[in-house]
Amino acid sequence: MRKVFFSLVGAIMIAGCTVAVPQGPSTSPKDTSGQTLGARTLERNFLTVVETVEPVAEAECRRRTTNVNCDFQIVVDQRPDQPPNAFQTLDKNGRPIIAFNLALIADARNQDELAFVMGHEAAHHIQNHIARQNQNATAGAVVLGGLAAILGAGDAAIQSAQQVGATVGARTYSKDFELEADQLGTIIAAKAGYDPVKGAAFFSRIPDPGDQFLGTHPPNAARQEIVRQTAAGL
């Protein structure tokens, strides 16, 4: 039972943060002016953003943390037919990884959007969100699993309670984590020379999660507002 418990929490930790654009990219991506973006332009936009944002993110990480690995590795998931997605996680040695897939790179209208996403994902690592989410998941699993045990539940019911508790615990502060990452991501993107307000415009193109109970992401309007407020104060 203990092995199952730690496997469950570990799965939540590895998941990291995800920024997804559920609708698939168009066959001919366009910029904000409606001009079609070719493959070379998309590639150049991404490589330029990586080269400019990564050193800023690493410097911000070193400035804000102690004894933390700030050597970001940027990777691209080249699997076809995947919905646009980016996320932050850690490798087995604790090195922070920021992953983009091809669909998200193609969906981005400009370098500002890519820079904001990269800054957002880097911010999750700088603010230790994976570890904090893991702690919340562990606490939730312990509480509900312990309650089930006290009530005399069997192993299967206890395991189920742990799973529910871990999920609830992991989601308890997930909206706050997203807003924190939006705020610091704004700072990182701006320091790298990009317009984070323009970059956060992609929120207007994705489905609004609203203010769902135990939802993982805050309303799009709240995210755009914190970006605007943060950028105005820079």
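Residues numbered from 1 in each chain as written. Predicted model: local features only at pLDDT ≥ 70, side-chain atom pairs only at ≥ 80, totals over all residues. Heavy atoms only, no water.

## Quick word on unusual backbone geometry
Note the threshold: Elements are defined by DSSP. Helices are runs of H or I of four residues or more, strands are runs of E of two residues or more, and each kind is numbered from the N terminus.
Phi is positive for Asn67, which is not a glycine, with a value near 55°. As for its position among the elements, Asn67 is in the loop between helix 2 (39-64) and strand 2 (73-77). If you check the backbone angles, Asp81 has positive phi at about 60° while not being a glycine. Structurally, Asp81 can be placed in the loop between strand 2 and strand 3 (85-90).

## What about the environment of Glu180?
Definition in use: For every residue, the accessible area (1.4 Å probe, protein chains only) is compared with the maximum for its type, and the residue is labelled buried under 20%, exposed over 50%, or partly exposed between those bounds. By definition, residues are in contact when any of their heavy atoms lie within 4.5 Å. Under this definition, polar contacts are N or O atom pairs within 3.5 Å; protein pairs additionally need one hydrogen-donor-capable and one acceptor-capable atom, and for neighbouring residues in sequence, both atoms have to be side-chain atoms.
The topology assignment puts Glu180 in helix 7 (residues 174-191). A residue is classified by how much of its surface remains accessible, and Glu180, at 25% relative accessible area, is partly exposed. Leaving out residues up to four positions away in the same chain, Glu180 has contacts with Gln127, His129 and Arg132. Only 2.7 Å separates the side chain of Glu180 from the side chain of His129, close enough to count as a polar contact.

## Re the pattern of salt bridges
Test applied: When a carboxyl oxygen of Asp or Glu lies within 4 Å of a side-chain nitrogen of Lys or Arg, that pair is called a salt bridge.
Under the definition given, this model contains 11 salt bridges. As a salt-bridge pair, Arg79 and Asp77 come within 2.7 Å of each other at their nearest N and O atoms. Among the ionic pairs, Asp112 bridges to Lys198, the shortest N-O distance being 3.7 Å. On the criterion of sequence distance, the pair formed by Asp112 in helix 4 (residues 111-126) and Lys198 in helix 8 (residues 196-199) is long-range, its members being 86 residues apart. Look at Lys198 and you get partly exposed, because its relative accessible area is 37%. Bridged by salt links that share partners, the residues Glu60, Arg63, Arg64 and Lys191 form one connected network.

## Overview of the confidence of the model for the protein chain
Formally: On a range of 0 to 100, pLDDT expresses the predictor's confidence in each residue.
Averaged over the protein chain, the pLDDT score is 77; the fraction of residues at 70 or greater is 65%. Ranking the helices and strands of the protein chain by mean pLDDT puts helix 8 first, with 96, and helix 1 (residues 2-15) last, with 40.

## Some details on the packing of helix 2 against helix 4
Cut-off, in case you're wondering: Angles here are taken between N-to-C directions and fall from 0 to 180 degrees, while the axes themselves are lines fitted to C-alpha atoms, restricted in helices to the stretch in contact. Under this scheme an angle from 65 to 115 degrees is roughly perpendicular, one under 35 degrees roughly parallel, and one over 145 degrees roughly antiparallel; angles in between are oblique. We call a crossing left-handed when the near helix sits turned anticlockwise from the far one by less than a right angle, and right-handed when that turn is clockwise. Under the scheme applied here, ten amino acids are nonpolar (Ala, Val, Leu, Ile, Met, Phe, Trp, Tyr, Cys and Pro), four are charged (Asp, Glu, Lys and Arg), and all others, including Gly, are polar.
Where helix 2 contacts helix 4, the axes come no closer than 9 Å and their chain directions differ by 30°. Of the possible angle classes, the one that applies to helix 2 and helix 4 is roughly parallel. Pair helix 2 / helix 4 crosses with right-handed handedness. Of the residues in helix 4, those touching helix 2 at Asn45, Phe46, Thr48, Val49, Val50, Val53, Glu54, Ala57, Glu60, Cys61 and Arg64 are Gln111, Leu114, Ala115, Met118, Gly119, Ala122, His125 and Ile126. Split by residue class, the contact of helix 2 with helix 4 holds 11 nonpolar, five polar and three charged.

## Things to note about helix 9 (residues 220-232)
Put simply, the rule is: A helix is expected to span 1.5 Å multiplied by its residue count minus one. To obtain the arc, one takes the directions from the helix axis to the C-beta atoms.
Here helix 9 is 13 residues long and its end C-alpha atoms lie 18 Å apart, about the 18 Å a rise of 1.5 Å per residue gives. Along helix 9, the positions that sit buried rather than exposed are Asn220, Arg223, Ile226, Val227 and Thr230. The buried residues of helix 9 occupy an angular sector of 130° when the element is viewed end-on, so they sit on one face. The exposed residues of helix 9 that point more than 90 degrees off its buried face are Gln229 and Ala232. Tucked inside the fold, the buried residues of helix 9 contact helix 4, helix 7 and helix 8.

## A short note on helix 2
Let me state the cut-off plainly: Bend is computed residue by residue as the angle between axes fitted to the seven residues ending at the residue and the seven residues starting at it.
Taking 1.5 Å as the rise per residue, helix 2 with 26 residues should run 38 Å; its terminal C-alpha atoms sit 36 Å apart, in good agreement. Remark: the principal bend of helix 2, roughly 30°, maps to Val53, with a proline, Pro55, within the next four residues. Looking only at helix 2, the buried set comprises Leu42, Asn45, Phe46, Val49, Val50, Val53, Val56, Ala57, Glu58, Glu60 and Cys61.

## A look at the packing of helix 2 against helix 7
Put simply, helix 2 and helix 7 touch, their axes get as near as 9 Å, and they point 125° apart. The angle between helix 2 and helix 7 places the two elements in the oblique class. The interaxial crossing formed by helix 2 with helix 7 has right-handed handedness. Residues Val53, Val56, Ala57, Glu60, Arg63 and Arg64 of helix 2 form the contact with helix 7, whose own contacting residues are Leu184, Ile187, Ile188 and Lys191. In terms of residue class, the contact of helix 2 with helix 7 is made up of six nonpolar, no polar and four charged.

## So, the environment of Arg79
Within the secondary structure layout, Arg79 lies in the loop between strand 2 and strand 3. Considered as a pair, Arg79 and Asn101 are 22 residues apart in the sequence and their alpha carbons are 7.5 Å apart. Separated by 2.7 Å, the side chains of Arg79 and Asp77 make a polar contact.

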